[in-house]
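Listed below, chain by chain, are the residues.
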Amino acid sequence: MAVSNDFRRGMRVCVPALPTIFTIFIGYGMAAQMANVPPLGAFAMTVAIYAAPALYAILDLSISGATLFQLITIGILANLRFFVMSVTLSQMFRDVPLKRLLLWAQFVAMTPFLLTFFQSRREEPGNLFDYYRGISVPMIPAIIGGTAVGIALGGNAPAELIFGATLFMPIYFSLLLAIDIKSRYEMAAVGLGFTLTPFLETLIPGWGMAICAVGIGLTLSLAES
Amino acid sequence: MGNGDLRRRDRANLITGRIMTLNQWLFVALGAGVGTYILRAAPFLLTGRYMLGGRALKFLIYTAMSFFAGVVSKSLIMWKGEFDAVELLIKLTALIVALALYARLKSVLLSLFSGVFLAVALKYFM
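Residues numbered from 1 in each chain as written. Chains lettered and ligands numbered in written order. Predicted model: local features only at pLDDT ≥ 70, side-chain atom pairs only at ≥ 80, totals over all residues.

Overview of the overall build of chain A
Selection rule: What counts as a helix is a DSSP run of H or I of at least four residues, what counts as a strand is a run of E of at least two, and both are numbered from the N terminus. A radius of gyration in this sense is built from C-alpha atoms; the matching globule rule multiplies 2.2 Å by the number of residues raised to 0.38. Three exposure classes are used, all based on how many other C-beta atoms lie within 10 Å of a residue's own C-beta (placed from the backbone): buried at 20 or more, exposed at 12 or fewer, and partly exposed between those limits. Two residues qualify as being in contact provided that their C-beta atoms, derived from the backbone, are within 7 Å of each other.
The helix and strand tally for chain A stands at 13 helices and zero strands. In sequence order, the secondary structure elements of chain A are arranged as α-α-α-α-α-α-α-α-α-α-α-α-α. Its C-alpha atoms give chain A a radius of gyration of 18 Å, within 12% of the compact-globule value 17 Å for 225 residues. Principal-axis analysis of the C-alpha atoms gives chain A an extent of 50 × 45 × 40 Å. Buried residues in chain A amount to 52% of all 225 residues. Counting contacts in chain A only where the partners sit at least 6 residues apart, residues at least 24 apart contribute 74% of the total.

Right, dumping it as structure tokens:
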């Protein structure tokens, strides 16, 4: 299958986010080791759920002795934000055959969603589905490799390295935001999201970011219209 | 099995009073994975064939921007769910330096790597 320029562009734009993604999953692998999850179980969770916050939520709950049903429920609820992301992406991919969309739906996550969203706002966005696929592909080895390294390391990773690697994504996203804000409503969305999310995440762990984003989106869209 | 493995197993036993088997973990992976996949795929089936109206699109744009900002502030302020004033100061310094470098050089990668290396250096010496 030929690889398009948009696919390659997607791969390139994903590179700066990879160290953070890799590190997040190193953290998950280490936490899975500490929670006594067998390596095969930890890998199966990584591949099937494919989202770090839900994985952490399941591990947290498993330590407190929850039932299997509770673990599954918290895993699904922690991922509700993907529904909103897929609604947005579905508007960008309206010409793509459904079969292909359903195949690639498993890779809907924060980084492919946000980077594709930014690309869609450019004057010549190109083929957004190829771009999204290009972002998703290099993430797979980063996620699985991070889990493997985390399991292997246990609790022995150098603190400075972990600290530095976790900064790639927030700084990268801040730079993208600074480049892309186009109106005062968007600036308000960014300002409110930045300030309110940590408070709401503290109050409602795992839910705060999604509730905050949807609330801000709803308020600003109503205010503008 | 090494001593480390024994200690971890003992710790998990003490906390939970049980150890989940591999099959149980695979069952959780399958259940949560299928549920999450439905969340991811359903909008492509439900809304993908229709063009949403202007207000709905605005809502999605503002929600996405807010998500974006939320990811940044959550990573900066409460990484691992803990607040650490010194780490926050280092991260904010790195972020400001990266933004200032971008304003001057217009290079995302150079600004990004400069900010991260500055943060690692500050963390190492503080």
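So, the overall build of chain B
A count of helices and strands for chain B gives five helices and zero strands. When its helices and strands are written in sequence order, chain B yields α-α-α-α-α. Residue burial in chain B is summarised as follows: out of 126 residues, 39% are buried. Long-range contacts, defined as pairs at least 24 residues apart, comprise 26% of the intrachain contacts of chain B with a sequence gap of at least 6.

So, the environment of Tyr50(B)
Relative to the elements of secondary structure, Tyr50(B) occurs in the loop between helix 2 (22-46) and helix 3 (54-77). In the structure, Tyr50(B) is positioned 43 residues away from Thr93(B) in sequence and 45 Å away in space, judged by C-alpha atoms.

Notes on the nonpolar core
So the rule is basically this: For our purposes the nonpolar core covers buried Ala, Val, Leu, Ile, Met, Phe, Trp, Tyr and Cys residues that link as a set through C-beta atoms within 7 Å. Each domain's extent was defined by an automatic or database domain assignment.
Among the nonpolar cores identified, the biggest contains 108 residues, and Met45(A), Ile171(A) and Phe68(B) are the most heavily contacted of them. Two domains share this core, each providing at least three of its residues, namely domain 1 (5-180) and domain 2 (182-225) of chain A. Here Met45(A) is in contact with Leu55(A), Ile58(A), Trp25(B), Val28(B) and Ala29(B), once residues within four sequence places are set aside.

Quick notes on the confidence of the model for chain B
Any segment with low pLDDT has predicted coordinates that should not be analysed in fine detail. Residues and elements named next belong to chain B. Our working rule: Residue-level confidence of the predictor is what pLDDT reports, using numbers from 0 through 100.
Averaged over all residues, the pLDDT of chain B is 80; the fraction at 70 or higher stands at 79%. Averaged pLDDT values over the elements of chain B bottom out at 48 in helix 1 (residues 3-16) and peak at 94 in helix 2. Here residues 1-6 scores under 50 on pLDDT; set against residues more than four positions off or in separate chains, the count is two contacts. Low pLDDT, under 50, characterises residues 9-16; the stretch is placed with nine contacts to residues that sit more than four places away or in other chains.

So, helix 9 (residues 128-153) of chain A
All names here are of chain A. What counts here: Here a helix's expected span is defined as the number of its residues, less one, multiplied by 1.5 Å. Bend, in this description, refers to the angle at a residue between axes fitted to the seven residues ending there and the seven starting there.
Over its 26 residues, helix 9 extends 37 Å from the first C-alpha to the last, a length consistent with the 38 Å expected when each residue adds 1.5 Å. The sharpest bend along helix 9 measures roughly 25 degrees and falls at Met-139, with the proline Pro-141 sitting one to four residues further on. With its phi angle positive at about 65 degrees, Gly-154 sits one or two positions after the end of helix 9.

Side note on the interface of chain A and chain B
Stated precisely, the cut-off is as follows: Each residue is assigned to one of three groups, with Ala, Val, Leu, Ile, Met, Phe, Trp, Tyr, Cys and Pro labelled nonpolar, Asp, Glu, Lys and Arg labelled charged, and all others, Gly among them, labelled polar.
Counting from both sides, the interface comprises 82 residues of chain A and, opposite them, 72 residues of chain B. Looking at side-chain class alone, the side of chain A that touches chain B contains 56 nonpolar, 21 polar and five charged residues.

Quick notes on the domain arrangement of chain A
Residue and element names in this part refer to chain A. On domain assignment, one finds that chain A holds domain 1 (5-180) and domain 2 (182-225). On a C-alpha basis, the centres of domain 1 and domain 2 stand 21 Å from each other. Listed per partner, the contact involves eight residues of domain 1 and five residues of domain 2. Among the secondary structure elements, those contributing two or more residues to the side of domain 1 that touches domain 2 are helix 4 (52-63), helix 6 (81-92) and helix 11 (168-180). Tallied by class, residues from the side of domain 1 that touches domain 2 come to six nonpolar, no polar and two charged.

Some words on unusual backbone geometry
Residue and element names in this part refer to chain A. A positive phi angle, close to 65 degrees, is found at Asn-36, a residue other than glycine. A positive phi angle is found at Tyr-50, which is not glycine, with a value near 55 degrees. Checked against the element boundaries, Tyr-50 lands in the loop between helix 3 (39-49) and helix 4.

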